[in-house]
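# Residue-level structural notes
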Amino acid sequence: IDRIVIIGSGQAGFEAAVSLRSHGFAGSITLVGDEPGVPYQRPPLSKAYLHCDPDRESLALRPAQYFDDHRITLACGKPVVRIDRDAQLVELIDATVIEYDHLILATGARNRLLPVPGADLPGVHYLRTAGEAESLTSSMASCSSLVVIGAGFIGLEVAAAARKKGLDVTVVEAMDRPMARALSPVMSDYFSTAHTEHGVHMRLSTGVKTVVAVDGRAAGVTTASGDVIRADAVVVGIGVVPNIELAALAGLPVDNGVVVDEYLRTPDENISAIGDCAAYPIPGTASLVRLESVQNAVDQARCLAAQLTGTSTNYLSVPWFWSEQYESKLQMAGLTVGADTHVVRGSVDSGAFSIFCFLGTRLLGVESVNKPRDHMAARKILACGMPLTPEQAADTDFDLKLAIT
Ligand code: FAD
């Protein structure tokens, strides 16, 4: 392989380029991205970036010079509109053509749009890009109240940042608990209480029917039950949809993500997919999973770079994720969906505890708040597959390191 083209200059695409070079790949690397500027990290966008002075440079994954120094061609600001698999080339919107020997799809995901009247009014914000974060920050500077639609990670991080800035915040969530897709009920309750204690009005089990307009701007929402919640601005955080259209157009299989095997390859051996856009098999099962996390983007990029430079290795990393809300740092290891037993280690009231999530006697994952040691131990336990019983997990005198060999 001489020419590698990467579509998407986000976390996964960036990491693939860097890892290819660090694995000694000497051919050409072209990183094509539709966002302008150098690749940057997204996690701060819903955290410090919202309540500190926004500074683009602090977000950059590397300065521009790095890409020159490592012979990584950055082609940013223009989307790829077509992949020609027979001719092994991609075409940009301005008709530029770039040929590849191997193509990496790292197209990520985009905001899921709110499907209600008024959702396109000025004053309705989404949060995926640095530009969107800056627009929200400047809007918050002149607002005294905010409605956040969606109590997922991003919505709740925005709520916490807005409270830090003194805004009156209401969170509206259709499900009966926050972060329900990813967290155990105990952990959802802990964060629900934390937000309430910090003055957020939590409106759970409440759908949004319309965005209210006043003078042509968003001025709140109406709920499915007919309540009106007034606010100076609205933030929508109802999840993302993967960018799979290019792959689908090129005839590659898609299923809530670009479908890849355990080596992150599509059925076209010259095309791989990584990061938020990729649906890959959970080891040992027939199910596909698509994860949205920095760890997933970085580890898949590294795994693929190793393969493309000669080390055949399937993707097996233990997923992990973090979120920050007020003084609580949440860290998760493994995938806990489907757990039937939740064991609390430590005291929830102390604000430093972990929840070990089991399916029967099998540990699926661990959610920790302000317990980085439990989190690190959990990652190792999950990686080496050592047995840990619910009783051991609950016993704070049991040294978790004993379960790691
Ligand atoms: P992306 O970062 O989405 O990058 C994909 C890039 O490809 C984008 O720039 C996109 O515009 C571009 N692209 C798409 N189609 C084309 C095309 N046709 N041509 C050219 N370019 C194209 N994760 C955590 O683990 N912890 C956190 O605390 C956390 N916080 C987050 C906070 C926010 C506000 C957001 C938005 C995300 C957060 N995440 C967090 C998730 C994490 O940032 C993503 O999982 C990660 O960025 C995924 O990287 P990616 O490269 O796969 O996708």
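First, a word on what this report is: a plain description of the structure on this page.

## Some words on the pairing of strand E7 (residues 102-105)
Of the two faces of E7, both are covered, the one formed by His102 and Ile104 as well as the one formed by Leu103 and Leu105. Here E7 pairs with strand E19 (residues 271-273) via three bridges, running parallel. Across the sheet, Leu103 pairs through a bridge with Ile271, a residue of E19.

## Side note on the site of the ligand
Neighbouring the ligand are 34 residues, the closest being Asp34, Glu35, Arg42, Lys47 and Arg128. Here a nitrogen atom of the ligand and a backbone polar atom of Val80 are 2.9 Å apart. One of the backbone nitrogen or oxygen atoms of Val294 is found 3.0 Å away from an oxygen atom of the ligand. Relative to its free-state accessible area of 1000 Å², the ligand is covered by the protein chains to the extent of 94%.

## Thoughts on the sheet that holds strand E5 (residues 89-92)
Sheet architecture is open: three strands sit in the order E4-E5-E6, paired in antiparallel fashion. In the strand order of this sheet, the two ends are held by strand E4 (80-84) and strand E6 (97-99), each with one partner. Along the sheet, successive strands turn relative to each other by an average axial angle of 20°, direction set aside. Pairing of E4 with E5, which is carried by four bridges, proceeds in the antiparallel orientation. Paired with Val80 across the bridge in E5 is Leu92.

Parameters and conventions
- Residues numbered from 1 in each chain as written.
- Predicted model: local features only at pLDDT ≥ 70, side-chain atom pairs only at ≥ 80, totals over all residues.
- Heavy atoms only, no water.
- Buried < 20%, exposed > 50% of the residue type's maximum accessible area, 1.4 Å probe, protein only.
- Helix = DSSP H or I, 4+ residues; strand = E, 2+ residues; numbered from the N terminus.
- Pairing = 2+ DSSP bridges.
- Near = heavy atom within 4 Å.
- Polar contact = N/O pair within 3.5 Å; in protein donor to acceptor, adjacent residues only side chain to side chain.
- Areas by Shrake-Rupley, 256 points an atom, 1.4 Å probe, with all protein chains shown as cover.
- Axes fitted to C-alpha atoms, helices over the stretch in contact; angles between N-to-C directions.

By themselves, these observations are geometric and do not establish any function.
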